[in-house]
Amino acid sequence: MKFLLLDWEESLLAVKEGRADIHAGLIFSAERSQYLNFGTVIMPIDTQLYVNSDLLGIDVESVLKGESAMEVGLVKGGYEETFVRKHYPNAAIRLFSNNDALLKAVTNKQIFLFVADTQVSNFYMATTPDSVTFLPALHLYSKDLRIATGDGSAKSIEEVSRNFEIVMEANKDRILSRWIHIKTVYPAYLAPLAVFALIIAAMFHIFSL
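For clarity, every value in this text was computed on a predicted model and none was experimentally measured. (Residues numbered from 1 in each chain as written. Predicted model: local features only at pLDDT ≥ 70, side-chain atom pairs only at ≥ 80, totals over all residues. Heavy atoms only, no water.)

Trainee: Looking at this structure, how should I read the overall build of the protein?
Mentor: When its secondary structure is counted, the protein shows 7 helices and 6 strands. Tracing the protein from N to C terminus, the helices and strands come up as α-β-β-α-β-α-β-α-β-α-β-α-α. Counting the 209 residues in the protein, one finds 38% classified as buried. For the protein, the proportion of contacts with a sequence separation of at least 24, taken over those separated by at least 6, is 69%. As displayed, the protein offers around 12,600 Å² of accessible surface, 57% of which is attributable to carbon and sulfur atoms. (Helix = DSSP H or I, 4+ residues; strand = E, 2+ residues; numbered from the N terminus. Buried < 20%, exposed > 50% of the residue type's maximum accessible area, 1.4 Å probe, protein only. Contact = heavy atoms within 4.5 Å. Areas by Shrake-Rupley, 256 points an atom, 1.4 Å probe, with all protein chains shown as cover.)

Trainee: Explain the pattern of salt bridges to me, please; I cannot follow it from the model alone.
Mentor: Pairs may arise between side chains of opposite charge once their charged atoms sit close together. Overall, the coordinates contain 7 salt bridges when judged by the stated rule. Lys 76 serves as the salt-bridge partner of Glu 9, at 3.6 Å between the closest nitrogen and oxygen. With Glu 9 in helix α1 (residues 8-16) and Lys 76 in the loop between β3 (72-75) and α3 (79-87), this pair connects stretches of sequence that are 67 residues apart. Looking at Glu 9, the relative accessible area reads 40%, which means it is partly exposed. A residue is classified by how much of its surface remains accessible, and Lys 76, at 38% relative accessible area, is partly exposed. (Salt bridge = Lys/Arg side-chain N within 4 Å of Asp/Glu carboxyl O.)

Trainee: Looking at this model, I keep getting lost on the confidence of the model for the protein. Mind explaining?
Mentor: Detailed reading of predicted coordinates is not advised where the pLDDT is low. In this model, the protein carries a mean pLDDT of 83, and residues with pLDDT of at least 70 account for 81%. Residue range residues 181-186 is modelled with pLDDT below 50. Its contacts to residues more than four positions away, or to other chains, number 12 contacts. (pLDDT = per-residue confidence, 0-100.)

Trainee: Looking at this structure, how should I read the packing of aromatic side chains?
Mentor: For any two aromatic rings, the description comes down to two numbers: the centre-to-centre distance and the angle of the planes. Inspection of every chain in the model, using the stated rule, returns 7 aromatic pairs. Ring centres of Tyr 50 and Phe 114 lie 5.2 Å apart, and the angle between their planes is 15°; on these two criteria the pair is classed as stacked. Of the two residues, Tyr 50 sits in strand β2 (residues 36-52) while Phe 114 sits in strand β5 (residues 113-117), which places them 64 residues apart along the sequence. Each of the two residues, Tyr 50 as well as Phe 114, counts as buried. Centroid distance Tyr 79 to Tyr 141: 5.3 Å. Interplanar angle 80°. Geometry classified as edge-to-face. (Phe/Tyr/Trp six-rings, centres within 6.5 Å; stacked < 30°, edge-to-face > 60°.)

Trainee: I tried to follow the nonpolar core on my own but got confused; where do I start?
Mentor: Formed by 25 residues in total, the largest nonpolar core has its most connected members in Leu 49, Val 72, Tyr 88, Leu 113, Val 115, Leu 138 and Leu 140. Once residues lying within four places of it in the same chain are set aside, the contact partners of Val 115 are Thr 47, Gln 48, Leu 49, Val 72, Gly 73, Leu 74, Glu 80, Val 84, Leu 102 and Leu 140. Residues Val 75, Phe 96, Leu 103 and Tyr 124 belong to the second largest nonpolar core, which totals 14 residues. (Core = buried A, V, L, I, M, F, W, Y, C linked by side-chain atoms within 4.5 Å.)

Trainee: Please explain α3 as it appears in this structure.
Mentor: Inspection of α3 places Tyr 79, Glu 80, Glu 81, Phe 83 and Val 84 among the buried residues, and these make up the whole buried set. Where the residues of α3 are buried, they touch α1, β2, β3, β4 (93-96), β5 and β6 (134-150).

Trainee: What should I look at first to understand the side chain of Ser 62 in this one?
Mentor: As for its position among the elements, Ser 62 is in helix α2 (residues 60-64). Classification of Ser 62 by relative accessible area gives buried; the value is 15%. Among residues more than four places away in sequence, those in contact with Ser 62 are Glu 67 and Ser 68.

Trainee: Could you clarify how one ought to interpret helix α4 (residues 99-107) in this entry?
Mentor: Structural remark: α-helix, 3.6 residues per turn; residues separated by three or four positions point the same way. Listed as buried for α4 are Leu 102, Leu 103, Ala 105, Val 106 and Thr 107. Its side-chain oxygen at 3.2 Å from the backbone nitrogen of Asp 100, Asn 98 defines the N-terminal cap of α4. One or two positions beyond α4, positive phi appears at Lys 109, with a value near 60°. (Polar contact = N/O pair within 3.5 Å; in protein donor to acceptor, adjacent residues only side chain to side chain.)

Trainee: For this particular structure, what's the right way to read the pairing of β3?
Mentor: Along β3, one buried face is formed by Val 72 and Leu 74 and the opposite face, lined by Gly 73 and Val 75, is buried too. Judged from the 4 bridges that link them, β3 and β4 form a sheet pairing that is parallel. The residue bridging Val 75 from the neighbouring strand is Phe 96, located in β4. The handedness of the β3 to β4 crossover, carried by α3, is right-handed. (Pairing = 2+ DSSP bridges. Right-handed = clockwise from strand over helix to strand, strands pointing away.)

Trainee: Looking at this structure, I do not really get the sheet that holds β5. What am I missing?
Mentor: By way of backbone hydrogen bonds, the strands of a sheet pair with one another, either parallel or antiparallel. As summarised here, the arrangement of the 6 strands in space is β1-β6-β2-β5-β3-β4, forming an open sheet in which the pairing is mixed. Only two strands of the sheet have a single partner each, and these edge strands are β1 (22-26) and β4. For this sheet, the mean angle separating the axes of adjacent strands, direction not counted, is 30°. Bridging between β3 and β5 involves 2 bridges; their strand directions are parallel. In the strand pairing of β5, Val 72 is matched with Leu 113. (Axes fitted to C-alpha atoms, helices over the stretch in contact; angles between N-to-C directions.)

Here it is, written out as structure tokens:
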């Protein structure tokens, strides 16, 4: 078996054109079902709109409705793009070839709002040396991540699903724990504010005595 590491849109095209047999994991859509056969569920995922921590007070609904010129970052060809274009057709969007390029642009403050799976953003925040600069602002959807095969695949989706479920049953926790990091993220100002509040409380207690 050979693994191909491709950008999102290119990976879909590879399966569609028969250059790859199996897509490792994606969300079902009517458009994709025209050339993909969907199989077993890998795991559920949640997708949210994230904003730069400096803009936490921004009205994200107005941005999504196109009432603001601010762009929303999306991975080209991902289900996030399909969802935003369908539900928020007036939103100004900026496309990136993959999540890494998107999140680097966010970290460098080239873009201030983006849509991503919670698992992806948590993994990035847990592994990047840079300080956290974004926080979830709006939950968009929860979907199942599934494996899929192309119409010309040498293996049927039923066979692939059966074999996949055997592997997942035995190694699911070990495999998923390597890239799913659950990390509670707090605003950068919270720790200094808590220290300041404790100092004020201590001084008030001392003067009271």
